[in-house]
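# What the coordinates show
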Amino acid sequence: MWFTEYHSPSTGITFRMKRTLFAGQSPFQRVAVVETEDFGRMLILDGTVQTTEKDEFVYHEMLVHVPLCAHPRPRRVLVVGGGDGGCLREVLRHPGVEEATLCEIDAMVVDCCRRFLPAISDGAFDDPRARVRIEDGVKLVRRSRRAFDVIIVDSTDPVAMSSPLTRLSFFRAAREALAPGGLYAAQSQGPLFEARGMRRIAGAIRKAFPRVDFYLAGVPTYPGGVWSFALAAAGGKTPAARPPRPLPPGVETRYYSAEVHRAAFALPPYVREIIR
């Protein structure tokens, strides 16, 4: 069996599958977990690859450790989306985090990932510091005021139910939900196949936050293999200018490092042209 995700009408990425472990229709989307020959188990939502056992560490480490190591003392962290638990896992590797809230709109995603992709969350859902809320993250953010030191948005592509997470009104609400000195981080699409979406997100987030930087990581299963992230602050130095704090003692990563942290903000000219 083969599965192809199309990145354009004429280009896609194809995986040979061993078997389908789960397939269901939630109130929000089609949810599937399959086992592939080369990338291990894979979460697919509405026909789009979200994460795989083989390369998930790149995305989750870069989406989490860049903002947490740029913040001087992150204690309260909100993850919007991220029902696979990978971001929650990385957040909880920071012992200074006192409470990590995961807000996922789709209970089916959390349930099937806990059952069929347990290695990705690696016990994070059972950590006493974790708070899992099955609800609309937009609504939670809008009713929060100065509640979080770091907000991380691990969303699907900005269409359908995820579209509100990339609108100006949400970015403004996220700024109000951050405690003084807080940071906002989110995936912001890929520059090769998603340039229009990147440009739109960059324009909107800059209207809400006075300090915004973008950084890159290589995620093989995402369109084009290059993915971007936004990191925003309400004040102070721009995020890229903040020297990263060291990872907590004993925390070992496979992609993230202080050197990678600094280098990730060095954008090639074609990316700077997209988000200028």
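An account of the accompanying structure is given in this report.

## What about the overall build of the protein?
- What the protein contains, in helices and strands, is nine helices and twelve strands.
- Here the protein has a C-alpha radius of gyration of 17 Å; the compact-globule value for 276 residues is 19 Å, and the two agree.
- Referenced to the eigenvectors of the C-alpha coordinate spread, the extents of the protein come out at roughly 50 × 45 × 35 Å.
- Considering the protein as a whole, with its 276 residues, one finds that 57% of them fall into the buried category.
- In the form shown here, the protein has an accessible surface area of approximately 12000 Å², with 50% of it arising from carbon and sulfur atoms.
- Charge separation in the protein, taken as the distance between the mean sites of 37 positive and 30 negative side-chain charges, equals 8 Å.

## A few points about the nonpolar core
- Counting 38 residues, the largest nonpolar core has Val91 and Ile152 as its most contacted members.
- Counting only elements with at least two residues in this core, the list comes to α1 (56-70), β6 (76-81), α2 (86-91), β7 (99-104), β9 (148-154), β10 (178-187), β11 (211-218) and β12 (226-233).
- Considering every element that reaches this core, the biggest residue donor is α1, with ten residues.
- With sequence-adjacent residues up to four places away left out, Ile152 is seen in contact with Leu63, Val64, Pro67, Leu68, Val77, Leu78, Val79, Val80, Cys87, Val91 and Ala185.
- Leu178, Ala202, Ala204 and Leu216 belong to the second-largest nonpolar core, a separate cluster that totals 34 residues.

## Some remarks on helix α7 (residues 195-208)
- With 14 residues, α7 ought to run about 20 Å at 1.5 Å a step, and its terminal C-alpha atoms sit 20 Å apart, in line with that.
- Taken as a whole, α7 has its buried residues at Gly197, Met198, Ile201, Ala202, Ala204, Ile205 and Ala208.
- Those residues of α7 that are buried lie in contact with α6 (168-177), β10, β11, β12 and α9 (269-275).

## Some thoughts on the sheet that holds β10
- Strand order across the open sheet formed by seven strands is β8-β7-β6-β9-β10-β12-β11, with mixed pairing between neighbours. Edge strands, defined here as strands with exactly one partner in the open sheet, are β8 (130-134) and β11. Taking the axes of each pair of neighbouring strands and ignoring which way they run, one obtains an average angle of 15° across the sheet.
- Strands β9 and β10 of the sheet are contacted by α6, whose axis makes an angle of about 140° with β10.

## Points about the pattern of salt bridges
- Here the structure, examined in full by the defined rule, presents 13 salt bridges.
- Between Arg75 and Glu98 there is a salt bridge whose closest N-O contact spans 3.7 Å. Taken together, the residues span a long stretch of sequence, with Arg75 in the loop between α1 and β6 and Glu98 in the loop between α2 and β7 at a distance of 23 residues.
- Given a relative accessible area of 24%, Arg75 falls into the partly exposed group.
- On the accessibility criterion, Glu98 (46% relative accessible area) is partly exposed.
- A salt bridge links Arg276 to Glu273; its shortest N-O distance comes to 2.4 Å.
- In this structure Arg276 comes out as exposed when scored by relative accessible area, which is 69%.
- Note on Glu273: relative accessible area 43%, which makes it partly exposed.
- One salt-bridge network, held together by shared partners, links Glu56, Arg89, Glu90 and Arg93.

## Let's talk about the environment of Trp227
- Locating Trp227 in the fold gives a position in strand β12.
- With a relative accessible area of 3%, Trp227 lands in the buried category.
- With residues up to four places along the chain from it excluded, the contact list for Trp227 reads Tyr59, Asp157, Gln187, Gln189, Gly190, Glu194, Tyr215, Leu216, Ala217, Val219 and Tyr222.
- One polar contact links Trp227 to Gln187, side chain to side chain, over a distance of 2.9 Å.

## Comments concerning the sheet that holds strand β3 (residues 30-36)
- Ordered by their spatial adjacency, five strands build an open sheet running β1-β2-β3-β4-β5, and the pairing between neighbours is antiparallel. Across the chains shown, the open sheet's two edge strands, defined by having one partner strand only, are β1 (2-8) and β5 (48-52). Neighbouring strand axes in the sheet, compared pairwise and without regard to direction, differ in orientation by 45° on average.
- In terms of strand pairing, strand β2 (residues 11-25) meets β3 through seven bridges, oriented antiparallel. Bridge pairing in β3 links Ala23 to Ala32.

What counts, and where the lines are drawn
Residues numbered from 1 in each chain as written. Predicted model: local features only at pLDDT ≥ 70, side-chain atom pairs only at ≥ 80, totals over all residues. Heavy atoms only, no water. Helix = DSSP H or I, 4+ residues; strand = E, 2+ residues; numbered from the N terminus. Rg over C-alpha atoms; globule rule 2.2 N^0.38 Å. Buried < 20%, exposed > 50% of the residue type's maximum accessible area, 1.4 Å probe, protein only. Areas by Shrake-Rupley, 256 points an atom, 1.4 Å probe, with all protein chains shown as cover. Lys, Arg positive; Asp, Glu negative; His and termini not counted. Charge placed at Lys NZ, Arg CZ, Asp CG, Glu CD. Core = buried A, V, L, I, M, F, W, Y, C linked by side-chain atoms within 4.5 Å. Contact = heavy atoms within 4.5 Å. Expected span 1.5 Å × (residues − 1). Pairing = 2+ DSSP bridges. Axes fitted to C-alpha atoms, helices over the stretch in contact; angles between N-to-C directions. Salt bridge = Lys/Arg side-chain N within 4 Å of Asp/Glu carboxyl O. Polar contact = N/O pair within 3.5 Å; in protein donor to acceptor, adjacent residues only side chain to side chain.

Coordinates in, geometry out; function isn't part of it.
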